[in-house]
Amino acid sequence: MCDDPLLPAPVAAALAEYRALRDANDARWGEPPLSYVVQAWATVFLSGHHGYWATALRQVAERHPDLPAAELEDHLGEVDPDRVVRDALAGDVPDNLPALRLTPEGCALEAGTRVVLGDGPFRTALLLDSSRDEPVTVVVDGTPYVVAPRGAKVVEVGESVLVGGEPVDLSPLSRRAPAATVRVRAGFPCRWSVTGANGQGWYPEGAPPKIDGLRRPYFHGDDLVVAVPAEPVTVAVTRGMEYTFAEVTVTPEAGAETLVELAPERLYDAAARGWYGGDLHVHLNWMGEEPAAPALAAAAQHGEDLHVLNLVAGNVASERVYDVEALRHWAGKDLPWSDDRHLARLGVEYRNDLIGHLTAFGLREPPRRYHTGFQGTADWPPNSVALEELRALGGITGYGHPFHTPFGDDDPPDVVLDRGRSCSAREIVADAALGLIDTLDVLNHSSVAATAAVYRRLIGAGNRLAVTAGTDAVLSFCRRGTASGPPGWERVYANVAGPLTAESYAEAILLGRTFATTGPWLELTVNGYGPGDTLELAPGQRVEIVVSSIGPEVESLEIRTADGVLAQGPPGRLVATTVAGEPTYVVAVATGGPHPRTMHRGAYAHTSPVYVNVAGGHVAREADVRWCLAWLDRLEVVLREFGTFETAEQLGDHLDLYERARKVYRGRLTS
């Protein structure tokens, strides 16, 4: 009997192990309670506006009233996550978490009523929320739970709840409706949403109940049958950022099948121009509600028309590296669902929570090491060692979700390098100077504006880095903001020479022929040259810059050089002229506010630079070089205070790296 090509034996065994971890624990899969592990579970029930981190910090401050505010973050792993969820919701009742309010006067159930088809079973999470000054025991499906005074507990309920021996009326949790079916068909794989009047999503049998960053239910495929209530439902369809949305509302007949034929229209066709869009940071499994098989990634990639998908193996907070079995099986090979327009590979997220997380695409073989610094182990060796190994294995490398703290173009490095452990890309300033890193995910799930500001400092200081994008989407999560969104909700487009292969795509990125986007098409030419190119000009020579955009979400276009914003204008087309003076770079930026096509705060696109050399000199702006030197000085302080090292030599390896980088930057000041 042959293996399923999408589920070879070692991958199937790993998937069964992940399900066992989920079943024995919860969406955290038994991982150590680092702050982001706790947050991952809590945000299954919270939307972005509920303020998980602020609520958690308040709880830490209550527990440690004498602790300085700057040190509160170090204790975020200690919070009571059930209480944080209750307090962050502040009385809101999400559709997946009804609340049983336990008051001194009695109890009351608050719920957004869910629709259940026919006589099917219904289970839901339930928040036990007590405002009583004494403990209270609540018996849920025969299991007693003690809720602390003014405490909270999240449990699962299916049949019964008793408080003080008295049954609670659970009828508000659900209502029964006669069943119908809709068949959705576009003629090619798409992303679908089937939604009831109450916002409830409906899914084909076996599809995980996923929602995206805008809380919209979705699944992927074509010609799919979905069980729905015999009442009005809205069917919407799209196919990633190159397509528009289309939708229709239908009222299916009970017991019958209603065919919905609906297809999105193309907004632009990047591949027809030789540009291929990729997501360089996607996880199959990394905790979550439903462990994900490779077939789910295949459906998502084709349903999003995502040209390049980099599925990364990585750990969470312990030694376990998720999807390493798949990496070992498929390293150096296109995944089975790849075709001439869709390429999928297994890569790596190499992780250290002090100096940054980085990804690799195009590996020929698995690396020897996947992480440092977890569970009290040493923050050693520097990430530079991993970068050298990953490159030797054929990978192109980039820092992912680089910066989380709001940061402006004129801010000093210590705004980002504040304190404590952080998965921000802190080592990148050294790695860039030494030519050890290829890209930076300017488009990411964290602070895009901060990352773009740091990126422009780095290229202004004479470093060559391509703009890339990595969503950090996690296919095993169903409801966790952008993490449960579809792969490719941000993409890096690379201008590929010839057919799409892992090698041709990697080469285009290494040459800097890229732009990253949340959806808009963004094009830049400087005297006819595009991103990644270098112009050799004489002083005073005229320069014409043309920027064009496609996409309804764009509100403003910018042309930037090393000296800042050169020109700004409305979407569509922006033209500016200047004359060559000091060596510089030119990038284009497109921005816009929140939009249904944009799953992360606002619309954004950013090109890699066109480099403008003048009289043989290349850009190395003094202010940017000195900013990088100040970064290295501050990073050394952070490492000495918060790093974990077993020997002085281990710390010394980091400091030697920084000193080598300083010599490069100082050389740029005198050249």
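Before any of the text, the structure's been laid out above.
All values derive from a computational prediction rather than experimental measurement. (Residues numbered from 1 in each chain as written. Predicted model: local features only at pLDDT ≥ 70, side-chain atom pairs only at ≥ 80, totals over all residues. Heavy atoms only, no water.)

Comments concerning the overall build of the chain
Next up, step 1: For the chain, the helix and strand inventory stands at twelve helices and 38 strands.
Next up, step 2: Against the globule reference of 26 Å for 671 residues, the chain gives a C-alpha radius of gyration of 26 Å, in line with a compact fold.
Next up, step 3: Of the contacts made within the chain by residues no fewer than 6 positions apart, 72% connect residues no fewer than 24 positions apart.
Next up, step 4: For the chain, the accessible area works out to roughly 25,400 Å², and carbon and sulfur atoms hold 51% of it.
Next up, step 5: Separation between the mean location of the 58 positive side-chain charges and that of the 89 negative ones in the chain comes to 2 Å. (Helix = DSSP H or I, 4+ residues; strand = E, 2+ residues; numbered from the N terminus. Rg over C-alpha atoms; globule rule 2.2 N^0.38 Å. Contact = heavy atoms within 4.5 Å. Areas by Shrake-Rupley, 256 points an atom, 1.4 Å probe, with all protein chains shown as cover. Lys, Arg positive; Asp, Glu negative; His and termini not counted. Charge placed at Lys NZ, Arg CZ, Asp CG, Glu CD.)

As for the sheet that holds strand β13 (residues 210-211)
Next up, step 1: Strand order in the open sheet formed by five strands is β13-β14-β12-β16-β17, with antiparallel pairing between adjacent strands. Edge strands, defined here as strands with exactly one partner in the open sheet, are β13 and β17 (246-250).
Next up, step 2: Pairing geometry for strand β16 (residues 233-238) and β17, over five bridges, is antiparallel. Among the inter-strand pairings, V233 is bridged to a residue of β17, identified as V250. (Pairing = 2+ DSSP bridges.)

So, the packing of helix α11 (residues 622-642) against helix α12 (residues 648-670)
Next up, step 1: For the pair α11 and α12, the least separation of the axes is 10 Å and the interaxial angle reads 170°. One way to sum up the angle between α11 and α12 is to call them roughly antiparallel. Of the residues in α12, those touching α11 at E622, V625, R626, C628, L629, L632, D633, L635, E636, L639 and R640 are L651, H654, L655, Y658, A661, R662, Y665, R666, R668 and L669.
Next up, step 2: Here the contact of α11 with α12 is built from residues that sort into twelve nonpolar, one polar and eight charged. (Axes fitted to C-alpha atoms, helices over the stretch in contact; angles between N-to-C directions. Parallel < 35°, antiparallel > 145°, perpendicular 65-115°, else oblique. Nonpolar A, V, L, I, M, F, W, Y, C, P; charged D, E, K, R; others polar.)

Re the pairing of strand β22 (residues 343-352)
Next up, step 1: By the criterion of burial, β22 is predominantly enclosed, with ten of the ten residues buried.
Next up, step 2: The two faces of β22 match: L343, R345, G347, E349 and R351 on one face and A344, L346, V348, Y350 and N352 on the other face are all buried.
Next up, step 3: Sheet analysis places strand β20 (residues 308-315) next to β22, joined by six bridges and oriented parallel. Bridge pairing in β22 links L311 to L346.
Next up, step 4: With five bridges joining them, β22 and strand β23 (residues 356-361) adopt antiparallel strand pairing. Each bridged residue has a counterpart across the sheet, and for E349 the counterpart in β23 is T359.
Next up, step 5: Between β22 and β23, which pair antiparallel one after the other, the connecting turn spans three residues. (Buried < 20%, exposed > 50% of the residue type's maximum accessible area, 1.4 Å probe, protein only.)

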